[in-house]
Amino acid sequence: MDIESHTLYAIFGLIISLALLPNPTISTKCSFPAIFNFGASNADTGGYSALFGQVPPPNGETYFHTPSGRICDGRLVIDFIAENFGLPYLSAFLDSVGSNFSHGANFATVASSIGPQDMPIALGGNSPISLDVQFAQFSDFHRRSQILRKQGGVFEKLLPQEDYFSQALYTFDIGQNDLTAGYKKNLTTEQIKAYVPDVMGQFSNIIKKIYGEDGRIFWVHNTGPLGCLPYFLDRFLITAGQMDKYGCASPFNEAAQYLNLKLKEALAQLRKDLPEARITYVDIYSVKYTLITQAKKYGFEKPFIVCCGQGGKYNYHLKNYCGLNKTIGGKEIVISNTCKDLSVRVNWDGTHFTEAANKWVFNQIASGSFTDPPISLDMACQRN
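Residues numbered from 1 in each chain as written. Predicted model: local features only at pLDDT ≥ 70, side-chain atom pairs only at ≥ 80, totals over all residues. Heavy atoms only, no water.

Enquirer: Give a detailed account of the overall build of the protein, specifying residues and quantitative values.
Expert: Each helix and strand counted, the protein has 12 helices and eight strands in total. Computed over the C-alpha atoms, the radius of gyration of the protein is 23 Å, within 12% of the 21 Å expected from 2.2 N^0.38 for a compact globule of 384 residues. Along the first, second and third principal axes, the C-alpha atoms of the protein reach 100 × 55 × 40 Å. Counting over 384 residues, the protein shows a buried share of 52%. In the protein, of all internal contacts separated by at least 6 residues, the share reaching a separation of at least 24 is 70%. Here the protein contributes 33 positively and 34 negatively charged side chains, and the mean placements of these two sets differ by 5 Å. (Helix = DSSP H or I, 4+ residues; strand = E, 2+ residues; numbered from the N terminus. Rg over C-alpha atoms; globule rule 2.2 N^0.38 Å. Buried < 20%, exposed > 50% of the residue type's maximum accessible area, 1.4 Å probe, protein only. Contact = heavy atoms within 4.5 Å. Lys, Arg positive; Asp, Glu negative; His and termini not counted. Charge placed at Lys NZ, Arg CZ, Asp CG, Glu CD.)

Pasting the structure below:
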């Protein structure tokens with residue numbers, strides 16, 4: 001073999017060898033053994049029901065065929081996240097009946113906020129289970145679950161392994177009620193925006209505390225377009241000039257966008273402060289605003305009309321909430337019936353989405369098209 005031929009064979013062999021080496025740009029799909037979720041009603045799978053009594057029918061009618069602790073006709077985004085990783089639906093930490101925490105726990109409750117609120121829920125305020133309380137519950141669960149698990153038996157089957165806490169996905173969907181609380185007190189949008197940085201400071205502290213308990217992978221939803229929800233459009237005073245071309249109230253959306261800006265800045269700083277963390281910011285606002293304002297394009301209809309409600313411009317009235325029963329002529333009837341085709345409707349009860357809309361939202365965010373950094377849910381464990 002001449003020198004030229006030998007050189008060609010050597011080069012060819014080198015190319016083949018390099019091709020067989022692992023490609024550092026190709027990442028392995030994440031596999032999470034557990035999910036720990038924090039948040040409010042958009043992600044509550046039974047916390048509120050455990051505290052104040054089960055949410056009534058027709059909640060749950062589409063998928064679970066019975067009330068399931070969710071304010072929805074079926075599954076929530078957090079349920080689709082669990083399904084995506086082949087995990088069971090998360091049991092609410094507060095629910096002592098039939099719960100299984102072997103693959104995580106859900107600390108979210110309806111009406112929860114990041115910062116503690118001074119108005120009780122019985123008077124229309126927020127849940128007492130604010131984010132700091134949810135962290136306290138998580139921290140206690142982390143410690144006690146391992147003590148109990150060592151006893152074996154049923155505890156070993158129902159509680160997570162210790163290494164799951166460092167390998168788990170930590171999800172967040174909270175912040176909307178911090179804004180709502182201000183509007184309930186008749187504060188202006190500017191006054192509400194003034195306290196948002198402090199709220200974000202509280203949020204950052206909780207992330208740091210979870211990091212201190214071995215949490216490393218964080219998937220954080222921002223706040224959706226409040227001004228497009230029938231609850232806001234019906235309850236608070238809005239002038240014609242404050243409505244955008246789609247029918248959403250601009251001041252409420254402005255407050256949400258400001259909170260989202262500060263959240264994004266806070267997460268950017270946390271990436272610097274917590275070098276081992278993988279933190280993904282998820283732009284739920286853009287996804288939901290797109291769905292509501294371009295519903296027909298995506299196979300939906302009547303995005304501002306409540307599916308389960310009664311009365312008014314939006315088929316919504318605060319006192320005639322979804323599932324309300326009234327006794328008329330000695331007979332108890334449900335006064336807020338559901339729409340005929342839930343598969344094409346966006347809004348469930350004035351504040352929350354239908355299962356069909358939740359699934360659509362999940363599909364958008366899971367792709368990575370609406371995240372910062374632009375990374376899919378399946379790659380959320382990778383260095384970003």
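Picking up where we left off.
Enquirer: Account for the nonpolar core, naming residues and giving values.
Expert: In this structure, F36, I81, Y170 and F203 are the most contacted members of the largest nonpolar core, which totals 91 residues. Here the element with the most residues in this core is helix 8 (residues 189-212); it accounts for nine residues. Ignoring any residue separated from it by four or fewer positions in sequence, one finds Y170 in contact with F36, F38, F138, F165, I210, G215, R216, I217, F218 and W219. Within the second largest apolar cluster, 10 residues are counted, among which are V110, C322, C339 and W348. (Core = buried A, V, L, I, M, F, W, Y, C linked by side-chain atoms within 4.5 Å.)

Enquirer: I'd like a description of the pattern of salt bridges, backed by residues and values.
Expert: Inspection of every chain in the model, using the stated rule, returns 11 salt bridges. Residue D79 pairs with R70 through a salt bridge whose shortest N-O separation is 2.8 Å. Ionic pairing is found between R75 and E355, a salt bridge with its closest N-O pair at 3.1 Å. Here E355 lies in helix 12 (residues 355-366) and R75 lies in the loop between helix 2 (47-52) and helix 3 (77-84), a separation of 280 residues in the sequence. Accessibility classification places R75 together with E355 in one group, the buried group. (Salt bridge = Lys/Arg side-chain N within 4 Å of Asp/Glu carboxyl O.)

Enquirer: Give me the pairing of strand 1 (residues 35-39): which residues, what numbers.
Expert: Across the five residues of strand 1, five count as buried, placing the element largely inside the fold. Along strand 1, one buried face is formed by I35, N37 and G39 and the opposite face, lined by F36 and F38, is buried too. Bridge count between strand 1 and strand 3 (residues 169-173): five bridges; the pairing is parallel. Bridge pairing in strand 3 places G39 opposite D173. (Pairing = 2+ DSSP bridges.)

Enquirer: An account of the layout of surface pockets is needed here, citing residue identities and associated values.
Expert: The volume enclosed by the largest pocket comes to roughly 1,000 Å³. In this structure, the largest pocket is lined by 33 residues; those nearest its centre are Y48, I71, V110, L318 and Y321. Of all elements in the fold, only helix 2, helix 7 (176-184) and helix 9 (230-235) reach the threshold of two or more residues within the lining of the largest pocket. The biggest single contributor to the lining of the largest pocket is helix 7, with four residues. Partitioning the lining of the largest pocket into residue classes produces 17 nonpolar, 13 polar and three charged. As a volume, the second largest pocket reaches approximately 330 Å³. Every residue lining the second largest pocket is counted, 14 residues in all, and those nearest its centre are F93, F101, F141, L148 and L159. Residue assignment for the lining of the second largest pocket shows that the elements contributing at least two residues are helix 4 (131-149) and helix 5 (154-158). Here the lining of the second largest pocket gets five residues from one element, more than from any other, and that element is helix 4. (1 Å grid on protein atoms, 1.4 Å probe; cavity = no way out; pocket = protein on both sides within 12 Å on 5 of 7 lines; lining within 4 Å. Points joined across faces, edges and corners; volume = space filled by probe spheres on them. Nonpolar A, V, L, I, M, F, W, Y, C, P; charged D, E, K, R; others polar.)

Enquirer: Can you lay out the packing of aromatic side chains for me, pointing to particular residues and giving the numbers?
Expert: Following the criterion strictly, the structure yields 37 aromatic pairs and no others. Taking 5.8 Å as the distance between ring centres and 35° as the angle between the ring planes, the aromatic pair formed by Y170 and F218 counts as tilted. With Y170 in strand 3 and F218 in strand 4 (residues 217-221), the pair connects residues that are 48 residues apart, well separated along the chain. Taking relative accessible area as the criterion, F218 reaches 0% and is therefore assigned buried. Between R70 and the ring centre of Y89, over which it is positioned, the NZ or CZ distance is 5.9 Å. Above the ring of Y211, the side-chain terminus of R216 is found at 3.8 Å from the ring centroid. (Phe/Tyr/Trp six-rings, centres within 6.5 Å; stacked < 30°, edge-to-face > 60°. Lys NZ or Arg CZ within 6 Å of the ring centre and 35° of its normal.)

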